[in-house]
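Geometric and topological summary
Next come the chains, spelled out residue by residue.
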Amino acid sequence: MNRQERRAQRAEGNLDTKGFLDVAGKFIDVANRENRKIPATDLQMAFLWAAARYNAHVAKAVLEVENHEEFVEEMVKQYTEMLRQHLADPELG
């Protein structure tokens, strides 16, 4: 996909891999700025709480998920896999 196609996708509200990583990077940038004043151990819990809150909003208000437990299980599964991938990343440290 070329740059023009990526921009068109983003304009429609769709994220390709680069767009996804760019958005995620913005959250990481906020965390890094806040970490200048707030201990990382406190900050990680604030971000985790915010992610849970936002995901609950999406589940209820956007996706209209009826079975909350199935949604929770799927989100936990996805988070677990992402966390394992990042912990295995030798560049992270």
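Our structure is the block above this text.
Residues numbered from 1 in each chain as written. Predicted model: local features only at pLDDT ≥ 70, side-chain atom pairs only at ≥ 80, totals over all residues. Heavy atoms only, no water.

**Brief notes about the overall build of the chain**
Check the secondary structure of the chain and you find four helices and zero strands. For the chain, the succession of helices and strands along the chain, N to C, is α-α-α-α. Since a compact globule built from 93 residues should have a radius of gyration of about 12 Å, the 16 Å found for the chain marks it as more spread out than a globular shape. With the C-alpha coordinates of the chain rotated into their principal frame, the extents come out at 40 × 35 × 25 Å. Burial statistics for the chain: of 93 residues in total, 8% are counted as buried. (Helix = DSSP H or I, 4+ residues; strand = E, 2+ residues; numbered from the N terminus. Rg over C-alpha atoms; globule rule 2.2 N^0.38 Å. Buried < 20%, exposed > 50% of the residue type's maximum accessible area, 1.4 Å probe, protein only.)

**Description of the pattern of salt bridges**
Pairing of side chains with opposite charge becomes possible as their charged atoms draw close. For the structure on display, the rule yields two salt bridges. Across the pair aspartate 22 and lysine 18 runs a salt bridge whose closest N-O atoms are separated by 3.0 Å. You can see aspartate 22 and its partner lysine 18 sitting in helix H2 (residues 17-34), four residues apart, about one turn around the helix. On the accessibility criterion, lysine 18 (43% relative accessible area) is partly exposed. (Salt bridge = Lys/Arg side-chain N within 4 Å of Asp/Glu carboxyl O.)

Treat this as a map of the structure, not an account of what it does.
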